[in-house]
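The lines below spell out each chain.
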Amino acid sequence: MKYDLAAFDFDGTLANTWPWFESILDDVADKYGFRKTNAAERAELRYRNAHDILKFLGVPLWKLPAIMAHVRQMMRDVAPTVQLFDGMADALTRLRASGLRMTVLSSNSKANVQRVLGPHADQWFDDFECGTDMFGKAAKLKRLLARHKVAPQRCVLVGDEMRDIDAARKAGVQIASVAWGYNHVDALRDHHPDELILTVADLPAKLTQV
């Protein structure tokens, strides 16, 4: 087995949350007083890291926890409109059958994650490390490693953003970046992940074959 543990990001990796997020973005900007963006600006922001995006939008760090909590609350009310990416259920089933231990690592709430995953959530995933953490994803990864007694080099984080690559490096784990999420594949490639997965159908082979 290539890895002993795979930690999956949720938004933009397992679930296609971006169309829904775009639909509420202007309302959230009005509520919290940050810059609204047009389609061209949103497309360009896919090449930027999280810090640069917040700077462009004019979101101070102290506002971020409240904004994230508000968005999670909104998602709780509309979760039925958020779905897994096409083919994801089959890929997760195949990965589970291979014997790979899998977890979800997300700043989204566990309730939202499990609602979107549906009845197979606990069949696919052994653990859920969800919710806001002031120390970020690297701290969550370290907790997962300790809880599951896995060496960092035997764990892979699967995510769709440059900040996932940064978190994996900080925690000492491997990183598999997916091309179907928020950050553009060219931006991810320039950030040098250990694996670059271009399609959902490629997940099982990329994560299990040495």
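Just so you know, these numbers come straight off a predicted model, no measurement behind them.

**Regarding the pattern of salt bridges**
- Using the criterion set out here, one finds 15 salt bridges in the structure.
- With a closest N to O distance of 3.1 Å, Lys36 and Asp30 form a salt bridge.
- Between Arg147 and Glu129 there is a salt bridge, and its shortest N-O distance comes to 2.7 Å. Linking Arg147 in helix α8 (residues 136–148) with Glu129 in strand β3 (residues 127–130), this pair joins segments that are 18 residues apart in sequence.
- Assessed through its relative accessible area of 41%, Arg147 is described here as partly exposed.
- Several salt bridges converge on common partners, so that one network encompasses Asp127, Glu129, Arg143 and Arg147.

**Some thoughts on the packing of aromatic side chains**
- In total, this model carries five aromatic pairs according to the counting rule given.
- On the basis of an interplanar angle of 75° and a centroid distance of 5.9 Å, the ring pair of Phe8 and Phe125 is categorised as edge-to-face. Of the two residues, Phe8 is situated in strand β1 (residues 5–8) and Phe125 in the loop between α7 (121–124) and β3; the sequence distance between them amounts to 117 residues.
- Residue Phe8 is classed as buried on the basis of its relative accessible area of 0%.

**What to know about the domain arrangement of the protein**
- By domain assignment, the protein separates into domain 1 (5–15 + 82–208) and domain 2 (17–77).
- Distance between the C-alpha centres of domain 1 and domain 2: 22 Å.
- Tallying the contact residues gives 19 residues for domain 1 and 15 residues for domain 2.
- Summing both sides of the interface, domain 1 and domain 2 together bury roughly 1500 Å²; the carbon and sulfur share of this comes to 59%.
- Applying the counting criterion to the domain 1 and domain 2 interface returns zero salt bridges.
- Of all elements in the fold, only α6 (110–117), α9 (162–171) and α10 (185–190) reach the threshold of two or more residues within the side of domain 1 that touches domain 2.
- Residues belonging to the side of domain 1 that touches domain 2 are distributed by class as follows: six nonpolar, nine polar and four charged.

**Quick notes on the sheet that holds strand β6 (residues 195–197)**
- On the basis of which strands lie adjacent, the open sheet formed by six strands has the order β3-β2-β1-β4-β5-β6 and parallel pairing. The open sheet is flanked by β3 and β6, the only strands paired with a single partner. Within the sheet, the average angular offset between the axes of one strand and its neighbour, ignoring direction, is 25°.
- Here four bridges tie strand β2 (residues 101–106) to β3, and the two strands are oriented parallel to one another. What sits directly across from Thr103, in β3, is Asp127.
- Contacts from α9 reach β4 (155–159) and β5 (174–178), with the element oriented near 170° to β5.

**Describing unusual backbone geometry**
- In the Ramachandran plot, Lys149 falls in the positive-phi region, its phi being about 55° despite a non-glycine side chain.
- Tracing the sequence through the fold places Lys149 in the loop between α8 and β4.
- Note on Lys149: relative accessible area 75%, which makes it exposed.
- A positive phi angle is found at His192, which is not glycine, with a value near 60°.
- Checked against the element boundaries, His192 lands in the loop between α10 and β6.

**Some remarks on the pairing of β5**
- Among the five residues that make up β5, four are buried, leaving the element largely enclosed by the rest of the structure.
- With four bridges connecting them, β4 and β5 associate as parallel partners. Bridge pairing links Val156 to Gln174 in β5.
- Remark: the β4/α9/β5 crossover connection has right-handed handedness.
- As paired elements, β5 and β6 share three bridges and run parallel to each other.

Analysis parameters
Residues numbered from 1 in each chain as written. Predicted model: local features only at pLDDT ≥ 70, side-chain atom pairs only at ≥ 80, totals over all residues. Heavy atoms only, no water. Salt bridge = Lys/Arg side-chain N within 4 Å of Asp/Glu carboxyl O. Helix = DSSP H or I, 4+ residues; strand = E, 2+ residues; numbered from the N terminus. Buried < 20%, exposed > 50% of the residue type's maximum accessible area, 1.4 Å probe, protein only. Phe/Tyr/Trp six-rings, centres within 6.5 Å; stacked < 30°, edge-to-face > 60°. Domains from an automatic or database assignment. Contact = heavy atoms within 4.5 Å. Buried area = accessible area lost by both parts, 1.4 Å probe. Nonpolar A, V, L, I, M, F, W, Y, C, P; charged D, E, K, R; others polar. Pairing = 2+ DSSP bridges. Axes fitted to C-alpha atoms, helices over the stretch in contact; angles between N-to-C directions. Right-handed = clockwise from strand over helix to strand, strands pointing away.

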